[in-house]
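Listed below, chain by chain, are the residues.
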Amino acid sequence: MRLRVEFTTEPFDLDEAPAHAVVAREVVQGADLDAVDVGPFGNTAEGGAEEVLAAVGTLLRESLAAGATRVSLQVNVVDAAGAGEGAAGEGDR
């Protein structure tokens with residue numbers, strides 16, 4: 001099974017990336033994930049279920065320890081081609 005995680009950390013700082021945001025970015029970039037996309041207002045990464053779940057655990061622990069006061073995340077199941085979004089039955093989750 002493949003998973004996609006989307007996440008943000010807070011509080012925001014538009015002038016400089018806060019330590020918790022840097023840590024979160026380093027966690028996903030250093031994990032065994034693919035399709036990693038990091039940005040100032042949201043981040044996504046995809047990979048195998050075990051790899052994504054391990055990265056999410058590390059991301060939560062390390063970003064909270066680095067000063068995050070909130071971590072918002074969403075995890076979706078996607079197929080191997082990443083076409084899981086919008087599939088029939090998605091509203092039933």
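In this text the structure is predicted, and so the values were computed from the model without any measurement.

Some words on the pairing of strand β3 (residues 43-48)
Bridge analysis of strand β1 (residues 2-10) against β3 gives six bridges, and the strand direction is antiparallel. Counterpart to leucine 3 in the pairing with β3 is glycine 47. Where strand β2 (residues 34-38) lies against β3, three bridges are found, and the strand directions are antiparallel. Counterpart to aspartate 37 in the pairing with β3 is threonine 44. Hairpin connection between β2 and β3: a loop of four residues separates the two successive antiparallel strands.

Let's talk about the sheet that holds β2
Spatially, the four strands line up as an open sheet ordered β2-β3-β1-β4, and their pairing is antiparallel. Two strands lie at the open edges of the sheet, namely β2 and β4 (70-78), each paired on one side alone. Taken over all neighbouring pairs, the strand axes of this sheet differ in orientation by 20° on average, direction set aside. Strands in contact with helix α1 (residues 19-30) are β1 and β2; relative to β1, the strand with the most contacts, it is inclined by about 165°.

Things to note about helix α2 (residues 49-65)
End to end, α2 covers 24 Å across 17 residues, agreeing with the expected 24 Å (1.5 Å per residue, within 8%). Looking at α2, one finds that the buried residues are Ala49, Val52, Ala55, Val56, Gly57, Leu59 and Ser63. Buried residues along α2 sit against β1, α1, β3 and β4. Just past α2, the residue glycine 67 takes up positive phi, approximately 115°.

What counts, and where the lines are drawn
Residues numbered from 1 in each chain as written. Predicted model: local features only at pLDDT ≥ 70, side-chain atom pairs only at ≥ 80, totals over all residues. Heavy atoms only, no water. Pairing = 2+ DSSP bridges. Helix = DSSP H or I, 4+ residues; strand = E, 2+ residues; numbered from the N terminus. Axes fitted to C-alpha atoms, helices over the stretch in contact; angles between N-to-C directions. Contact = heavy atoms within 4.5 Å. Expected span 1.5 Å × (residues − 1). Buried < 20%, exposed > 50% of the residue type's maximum accessible area, 1.4 Å probe, protein only.

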